[in-house]
Amino acid sequence: MDKTVCELFAGVGGFRVGLERASKDWDTVWANQWEPSRARQDAFDCYCAHFGKEDTHVNVDIGLIDKATIPDHTLLVGGFPCQDYSVAATGAKGIEGKKGVLWWQIYDTLKAKQPPFVLLENVDRLLKSPAKQRGRDFGIILASFWDLGYSVEWRVVNAADYGFVQRRRRTFIFAYRNDTVYGQQMAGHDSLATLNTDGFFARTFPLKPNVIASKKDLETHDLLEITQNFAFPFETAGYMSDGHIATVKAEPDYHGPHKLLRDIMDHDVPEKYYLGDDIEKWKYLKGAKKIERTSKTGHKYTFSEGPIAFPDPVDRPARTMLTSEGTTNRSTHVVKDLDTGRLRLLTPNEANKIQGFPEHWTDTGMSDRFQYFCMGNALVTGCIERMGKTLGQIIDRED
Ligand SMILES: C[S@@+](CC[C@H](N)C(=O)[O-])C[C@H]1O[C@@H](n2cnc3c(N)ncnc32)[C@H](O)[C@@H]1O
C-alpha cells in the first residue's frame, strides 16, 4: 500500500508539514483549500508557495467538487469545524444534513473514495456538542463511519502534554476500514487494551492505563434516529467498532523534554510589535471584571470574568492560539521581550513556531493579520508528525 494522501481543508498545509516530517514517503496527491467569501486566497497561495502551483492543489469550494474525481488515496486528512451535524427527514428521499456543514463533504469523500485510513482534527468541544443533547454530533460522526465500514478511535490531545510549545486541546479522529489488515488485526481486540496500550492513539500519545468510563452501543445506522435520540458522555479517549463504543478518561504519560515559549521567541523584534500607550487598555482586557449588562429580553445580569496572566509567562508553553491572535483582544498573547524587557505582541513568525511550522512559513505575501489568522486555524504539526510515524508503521504492514 502506498502512502498517498488527500488533504481537505488544507489551510497552509499543517497535515502535510507534519506527515512529510514523519517520512518523505508521504505523498499528497490532492489538496483542497478555499477561504469562503474572500477574494484573496492567502492560505491557498501560501500552500502553493511551499508545495507548488499544481493542478492537484485545488482552490474551489469543496462543496462544488465531484468527489469521484478526487484521485485514489490511502489516507484522507483534514481539520474541519465543529458545526451542527444533525440531519432532517426530506420526505421520501431520505435524510439531509444542513447546508454548508463541512462534515458532509468529508462523508461524501469517504463514500466516493473509501480511503483505507482517515485522520481528522476538530476542537475539543466536538465530543460534547450540542449543549442540549451532549454527544449527539459526535454520535452522528461515529454512526456515519460505522455505516461506511470503518472503526474509529478518537483522542483529545493537549499538545503541551507531549512536550510541544502550545497548550492546545484538539480532538483527533483516526478511522480505518474494517477490511484492512490493520482492521482485521484490531477486530475483536479488547477495547480496554486498544485504548490503554495497543490502539493508534495509545501508541502515539502514551497514557496512564485507565478503566472504561462508559460503554454504549449505537444500535442503529439511521442518522435521523441518532439525531433525535443519541446522547453519550464521550470522554477524552475512545473507540468504536461494529457500533460498540467504549470511552476512557485519557491521562497523558509523557516523560520527554518540554518546550517553553521563551525557547521559540524571536530576537531583534521590530518596533511595530511593541505595545504603545495602550498598555492600560491591555491591562483592562486581561484583568478581572464584573459588568452589568442587559439581555435582548431586557433581563439585567452581571457578566464577570477572572484575570488572565499579563504578560504571558515565557517559562510555560503558549496558550491556545486563536484566529484573533494579534488583535487587541483578551486572548492575544502579550510577552515581555527577551532582549528589551518591554511588552509586545508575538510576531507572526513566533505564531508559526508555536504551531511547529518552519520559520516564516506564512510570510508569503499576506498581511500580518492573516498570518495570525492562518495560524489560529492551523494545528500543532508535531502532533501530526507523531501520528504520521505510527501510521507509517501500520501501512507498511498492509502489503
Ligand atoms: C480548521 S482550518 C484547517 C487548517 C489546516 N489544517 C492548516 O494546517 O492550515 C479549515 C480550513 O478550511 C477552509 N475552508 C472552509 N470552508 C471551506 C470550503 N467550503 N471548501 C474548502 N475549504 C474550506 C478554511 O479556509 C480553512 O483554511
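Residues numbered from 1 in each chain as written. Predicted model: local features only at pLDDT ≥ 70, side-chain atom pairs only at ≥ 80, totals over all residues. Heavy atoms only, no water.

Per an unreviewed UniProt entry, the protein chain carries the name DNA (cytosine-5-)-methyltransferase and comes from Mitsuokella jalaludinii. Recorded in UniProt for the protein chain, the comment headed Sequence similarities (unreviewed entry) runs: "Belongs to the class I-like SAM-binding methyltransferase superfamily. C5-methyltransferase family." (UniProt positions renumbered as here; feature names shortened; annotations may be inferred.)

A few words now on helix 9 (residues 279-286). Turning to helix 9, its buried residues number three or more, namely Trp282, Leu285 and Lys286. Viewed end-on, helix 9 has its buried residues packed into an arc of 90 degrees, placing them on one side of the element. (Buried < 20%, exposed > 50% of the residue type's maximum accessible area, 1.4 Å probe, protein only. Helix = DSSP H or I, 4+ residues; strand = E, 2+ residues; numbered from the N terminus. Arc of directions from axis to C-beta.)

A full pass over the atoms with the stated rule returns 26 salt bridges. For the salt bridge of Glu235 with Lys249, the shortest nitrogen-to-oxygen distance reads 3.9 Å. Here Glu235 is found in the loop between helix 8 (223-229) and strand 11 (237-241), whereas its partner Lys249 is found in the loop between strand 12 (244-248) and helix 9, with 14 residues between them in sequence. Lys272 serves as the salt-bridge partner of Asp368, at 3.3 Å between the closest nitrogen and oxygen. Here Asp368, found in helix 11 (residues 368-377), pairs with Lys272, found in the loop between strand 12 and helix 9; they are 96 residues apart in sequence, far enough to count as distant. What makes Lys272 exposed here is its relative accessible area of 60%. (Salt bridge = Lys/Arg side-chain N within 4 Å of Asp/Glu carboxyl O.)

Residue placement: Thr390 occurs in helix 12 (residues 381-396). Discounting chain neighbours no more than four positions away, the residues touching Thr390 are Phe200, Arg203 and Thr204. (Contact = heavy atoms within 4.5 Å.)

A separate point is the packing of aromatic side chains. Ring pairs (aromatic) are described by centroid distance and by the angle formed between their planes. Scanning the model with the defined rule gives 26 aromatic pairs in all. Judged by centre distance (6.1 Å) and plane angle (35 degrees), the rings of Phe230 and Phe234 are tilted. Taken as a pair, Phe230 and Phe234 share a single burial class, namely buried. What links up through ring pairs into an aromatic cluster is the set Phe80, Tyr85, Trp103, Trp104, Tyr107, Phe145 and Tyr150. If you follow Arg293 out to its NZ or CZ, it ends over the ring of Phe303, 4.1 Å from the centre. (Phe/Tyr/Trp six-rings, centres within 6.5 Å; stacked < 30°, edge-to-face > 60°. Lys NZ or Arg CZ within 6 Å of the ring centre and 35° of its normal.)

The next point concerns the packing of helix 1 (residues 14-22) against helix 12. Their axes nearest at 7 Å, the elements helix 1 and helix 12 cross at an angle of 50 degrees. Relative to helix 12, the element helix 1 lies oblique. Between helix 1 and helix 12 the crossing geometry is right-handed. Taking contact as the criterion, the partners of Gly14, Phe15, Val17, Gly18, Leu19, Arg21 and Ala22 in helix 1 are, on helix 12, Thr381, Gly382, Ile384, Glu385, Gly388 and Lys389. In terms of residue class, the contact of helix 1 with helix 12 is made up of five nonpolar, five polar and three charged. (Axes fitted to C-alpha atoms, helices over the stretch in contact; angles between N-to-C directions. Parallel < 35°, antiparallel > 145°, perpendicular 65-115°, else oblique. Left-handed = near helix turned anticlockwise from the far one by under 90°. Nonpolar A, V, L, I, M, F, W, Y, C, P; charged D, E, K, R; others polar.)

Residues Asp217, Glu219, Asp222, Glu225 and Asp242 make up a contiguous surface patch of negative charge. One can find Glu219 in the loop between strand 10 (214-217) and helix 8. For Glu219, a relative accessible area of 73% puts it in the exposed group. (Patch = residues over 30% accessible without salt bridge, like charges linked within 9 Å, V, L, I, M, F, W, Y side chains within 5 Å. Areas by Shrake-Rupley, 256 points an atom, 1.4 Å probe, with all protein chains shown as cover. Lys, Arg positive; Asp, Glu negative; His and termini not counted. Charge placed at Lys NZ, Arg CZ, Asp CG, Glu CD.)

This part is about the site of the ligand. Residues in close proximity to the ligand total 17 residues, the closest being Gly14, Gln33, Trp34, Glu35 and Asp61. Coverage of the ligand by the protein amounts to 90% of the 600 Å² it exposes when considered alone. Here the residues of the shell around the ligand are counted per class, giving eight nonpolar, seven polar and two charged. (Near = heavy atom within 4 Å.)

One recurring pattern in soluble globular proteins is that nonpolar side chains are buried together. Core analysis: the biggest nonpolar cluster contains 44 residues, and Trp103 and Phe145 have the highest contact counts within it. At the level of elements, strand 1 (4-8), helix 3 (103-113), strand 7 (117-123), helix 4 (136-147), strand 8 (150-158), strand 9 (169-177) and helix 8 are the ones that each hand at least two residues to this core. A total of seven residues in this core trace back to one element, the largest contributor, which is helix 4. Apart from residues lying up to four places away in sequence, Trp103 is in contact with Phe80, Tyr85, Leu110, Leu120, Ile141, Ser144 and Phe145. Among the nonpolar cores identified, the runner-up in size contains 36 residues, and Phe15, Val77, Phe205 and Ala250 belong to it. (Core = buried A, V, L, I, M, F, W, Y, C linked by side-chain atoms within 4.5 Å.)

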